[in-house]
Amino acid sequence: MPTLIDIEDDGEHSMGTALGKDSMFVNCQTSNDDDLYGVIVNSEEEAYNLYCEYGARMGFSVRIMQRRKTNNVVKQVNYCCSKEGFKLDSDPSEVKKADRLDIRTGCTAKIRFGLQDNNLWKATLFVPEHNHKLAELEERQFLRSNRKVSNAHQGVIRSMKTAGMSTINTYSYLAEEVGGSQNVGFTKTDCYNFVSRDRMIMLEAGDAQSLINLFKRKQIEDPMFFYTVQVDQENRMTNFFWRDGKSKIDFECFGDVVVFDTTYRTNKYNMICAPFVGVNHHWKNVLFGCAFLLDETTASFIWLFETFLEAMEGKKPKTIFTDRCQAMANAIEKVFPETRHRLCLWHISKNAVQNLNWLYRNSDFGELFKKLLFRRVTEDEFESTWDEIIQKFDLAGNTWLQTLYNLREKWCALFSKDTFSAGILSTQRSESTNNVFTLMSTKTLSLTEFVHHYDKQAEQMRSSELEETFRCNNGIPTRAAKSSGIKKQAGMVYTRKIYNLFEFEFIASLAVKMEEVGSDGTLQTFELNEEGHKRVYIVQFNSSNLTISCSCQMYESMGWLCRHALRVLNVKNITQIPTQYILKRWTKDAKKGVEANSVPVQVNGDIAKEYFNAKGL
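Residues numbered from 1 in each chain as written. Predicted model: local features only at pLDDT ≥ 70, side-chain atom pairs only at ≥ 80, totals over all residues. Heavy atoms only, no water.

**Student:** Got a minute to help me understand the overall build of the protein in this structure?
**Tutor:** When you go through the protein residue by residue, the secondary structure sums to 22 helices and 19 strands. Within the protein, buried positions represent 48% of all 617 residues. Counted over contacts in the protein with a minimum sequence separation of 6, partners at least 24 positions apart contribute 62%. Carbon and sulfur atoms make up 48% of the accessible area of the protein, which amounts to about 31,700 Å² in all. (Helix = DSSP H or I, 4+ residues; strand = E, 2+ residues; numbered from the N terminus. Buried < 20%, exposed > 50% of the residue type's maximum accessible area, 1.4 Å probe, protein only. Contact = heavy atoms within 4.5 Å. Areas by Shrake-Rupley, 256 points an atom, 1.4 Å probe, with all protein chains shown as cover.)

**Student:** How do you make sense of helix α18 (residues 485-493) when you look at a structure like this?
**Tutor:** Helical geometry note: an α-helix holds 3.6 residues per turn, so side chains three or four residues apart project in the same direction. Ile486, Lys487, Gln489, Ala490 and Gly491 are the residues of α18 that are buried. Buried positions along α18 lie against α17 (478-481), α19 (496-509) and α21 (563-571).

**Student:** Looking at this structure, I do not really get the sheet that holds strand β18 (residues 537-542). What am I missing?
**Tutor:** The four strands are arranged β16-β17-β18-β19 in an open sheet whose pairing can be described as antiparallel. Looking at strand neighbours, the two that pair on one side only are β16 (512-520) and β19 (547-550), the edges of this open sheet. Put simply, the sheet's adjacent strands are angled 20° from each other on average, direction ignored. Relative to β19, β18 runs antiparallel, the two being bridged by four bridges. Its bridge partner lying in β19, Phe541 is registered against Ile548. (Pairing = 2+ DSSP bridges. Axes fitted to C-alpha atoms, helices over the stretch in contact; angles between N-to-C directions.)

**Student:** I would appreciate a short explanation of the nonpolar core in the present structure.
**Tutor:** Soluble globular proteins: nonpolar side chains tend toward being buried together. By size, the foremost hydrophobic cluster in this structure holds 65 residues, and its most contacted members are Phe240, Trp242, Phe292, Tyr494, Ile548, Ile577 and Trp586. Take this core: its biggest share by element is six residues, from helix α16 (residues 447-473). Setting aside chain neighbours within four positions, we find Trp586 in contact with Val279, Asn280, His281, Trp283, Phe420, Ala422, Tyr494, Thr495, Ile498, Met558, Gly559 and Trp560. Ranked by size, the runner-up nonpolar core spans 32 residues in total, among them Phe226, Val286, Met328 and Ala331. (Core = buried A, V, L, I, M, F, W, Y, C linked by side-chain atoms within 4.5 Å.)

**Student:** Looking at this structure, how should I read the confidence of the model for the protein?
**Tutor:** Reading predicted coordinates in detail is not appropriate for stretches of low pLDDT. Put simply, the protein has an average pLDDT of 82, and 83% of its residues get 70 or more. For residues 607-617, every residue scores under 50 in pLDDT, and the model assigns this stretch 21 contacts once sequence neighbours within four places are set aside. (pLDDT = per-residue confidence, 0-100.)

**Student:** I'm lost on the packing of aromatic side chains in this one. Help?
**Tutor:** Two aromatic rings, taken as a pair, are described by how far apart their centres are and by the angle between their planes. A complete count under the given rule lists 39 aromatic pairs for this structure. Residues Tyr54 and Phe60 carry aromatic rings whose centres are separated by 5.8 Å and whose planes lie at 75° to one another, so their mutual orientation is edge-to-face. Aromatic pair Phe215 and Trp242: ring centres 5.5 Å apart, planes at 35°, arrangement tilted. Here the residue Phe215 occupies a position in helix α5 (residues 205-221), and Trp242 occupies one in strand β9 (residues 237-243), the gap between them amounting to 27 residues. (Phe/Tyr/Trp six-rings, centres within 6.5 Å; stacked < 30°, edge-to-face > 60°.)

**Student:** What's the story with the packing of α19 against α21 in this structure? I'm lost.
**Tutor:** In a pair of packed helices, the angle between the axes and the distance between the axes together describe the arrangement. Where α19 contacts α21, the two axes come as close as 8 Å, and the packing angle between them is 60°. Comparing their axes, α21 and α19 come out oblique. Handedness of the α19/α21 crossing: right-handed. On α21, the residues touching Phe502, Phe504, Glu505, Phe506, Ala508 and Ser509 of α19 are Arg563, Leu566 and Arg567. Of the residues contributing to the contact of α19 with α21, the split by class is five nonpolar, one polar and three charged. (Parallel < 35°, antiparallel > 145°, perpendicular 65-115°, else oblique. Left-handed = near helix turned anticlockwise from the far one by under 90°. Nonpolar A, V, L, I, M, F, W, Y, C, P; charged D, E, K, R; others polar.)

**Student:** When you look at the environment of His347 in this model, what are you seeing that I'm missing?
**Tutor:** Mapping His347 onto the fold places it in helix α9 (residues 345-355). Distance in space between the C-alpha atoms of His347 and Thr322 is 8.4 Å, their sequence separation being 25 residues.

**Student:** Looking at this structure, I do not really get the pairing of β18. What am I missing?
**Tutor:** Within a regular strand, the side chains alternate between the two sheet faces. Here strand β17 (residues 523-530) runs beside β18; their pairing, made up of six bridges, is antiparallel. Its bridge partner lying in β18, Phe526 is registered against Val539. Connecting β17 to the antiparallel partner β18 that follows it, the hairpin turn spans six residues, and Gly532 within it adopts a positive phi of roughly 90°. Connecting β18 to the antiparallel partner β19 that follows it, the hairpin turn spans four residues, and Leu546 within it adopts a positive phi of roughly 60°.

**Student:** How should I be thinking about the packing of helix α2 (residues 151-162) against helix α3 (residues 167-177) in this particular structure?
**Tutor:** Running from N to C, α2 and α3 cross one another at 135°; their axes reach a closest spacing of 10 Å. The pairing of α2 with α3 is recorded here as oblique in orientation. As α2 packs across α3, the resulting crossing turns out to be right-handed. Every residue of α3 that contacts α2 at His153, Val156, Ile157, Met160 and Lys161 is listed here: Thr167, Thr170, Tyr173 and Leu174. Residues belonging to the contact of α2 with α3 are distributed by class as follows: five nonpolar, three polar and one charged.

**Student:** When you look at the side chain of Lys248 in this model, what are you seeing that I'm missing?
**Tutor:** Note that Lys248 resides in helix α6 (residues 245-254). Those residues in contact with Lys248 that sit more than four places away from it in its chain are Met224, Arg243, Ala311, Met312 and Glu313.

**Student:** When you look at unusual backbone geometry in this model, what are you seeing that I'm missing?
**Tutor:** Phi is mostly negative for residues that are not glycine, and the peptide bonds are mostly trans. With phi around 55°, Asp394 is a residue other than glycine that occupies positive phi space. By secondary structure assignment, the location of Asp394 is in the loop between α12 (379-392) and α13 (399-406).

The structure is reproduced here in structure tokens:
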């Protein structure tokens, strides 16, 4: 049995110090210097800090076990090892957000402080033995009771966050200043939690309530309006998501490709504004919804993506473009396992300027780097160009470039030819998509003001789409009207913008040379190359069902036939685009047949109600 040190009312002190040979306790480290029996401190806070310091030296974490009051005055307080007792069995039908570790071992180590007549606190009970392995020296930095963000550190973190530094870089700076993370006094997670709590304190209940009231009014006006709010364990609002009914319809038509961006901030609370943006049939931006996030953790992104999935009734995008963020990548892999995750070239170009600014002004470097980003290269060309960049500019030890190379399958067009991207990979398309909220993010706005600006942006986009749709339905391009066959058909079915892109390929096909290299019944194989270029493309055409494929895979990635396929069709006297190669999302009838669901998606308004009830609002 463990040694029990107790002080009775008469003040007698009896103590046993040795454990028998049959003792169950392991890694027990005690000495006279660590005997806290009889210690006197000035306050309850000092008593707690003393036992926490002792726990840090020994290798265990501390929690408050019991506080006893007499006439509403605390007379006795018990602190124990965090592994004291055993976890109660929970209701198996209860849904848990996380499967936490059960760390309880029934440890009996504890200390009791009693309030004396002189208002000092005295240790009247001390059990030093533990029934579990204590933390090693290098592990003690992770003990919960040994971790605290000091007032000095809080000031530094606030200053660095105000200056725009990320949380991870702020923590790295603090760790470097004190000789390593083990000396900081708190973990990276504690730093993130502090930043989140600090923001939540700033997030006034009045503003949050105004936002929820605004969402409720919108839902009355638009039964398909969807919103939800996430609260933490202390019932404080942390993250928001909303989308209107038109966004739901737009996602049904154009939700195959999504750009998700977290580079925008609302200055008042420094919350992350995260819009979901797509591309419509006019090759213009369209909004699928928006979120306010307090942090960029995997948990927040998982909540958001699951919420987005619920808002879109389970429909997942084929491709999602994001900035490089491991937490985001983790969440995408969990929530959208079948969705192709791509890195946005606009962000890569922007980050290249920041990380390689001394080189980006060099025209030779810029040309080579843009070749890898935006041009269609072969695998051999990619590797040779990359090696040329590394060797010519002495970048073998550059960690940013090495990380970019390791992620090449997520950004280089070479590795995404089979993935539909709706043209997001092009320079102009990427920059246009990522500039949607730049102006808004420079303003100091409350949450409700930001939503109003979001609505204005959405209205402008929809007005532009409506005008362009009117133009398309009012006629066809003149060049198409004067043509016949495939070109005229394209002018009839495609929107004006997509027709122009298709026509560019059609005209370019006239300069493509072709040679039949194989035939197997109705299946024919051709080799083609463009005038002035050495690269050879392989096209296979089946005359029985009019299926055609090209090694450049433009149809797979863009959604319209390439110049090589068009050349073969033209030579084979095919005067119409095979219907299977007219992608509806690029046609004038892209929205035809898509009607609003009369049954709105259930929103999680109860969370907001619980929050305001708890706050007495």
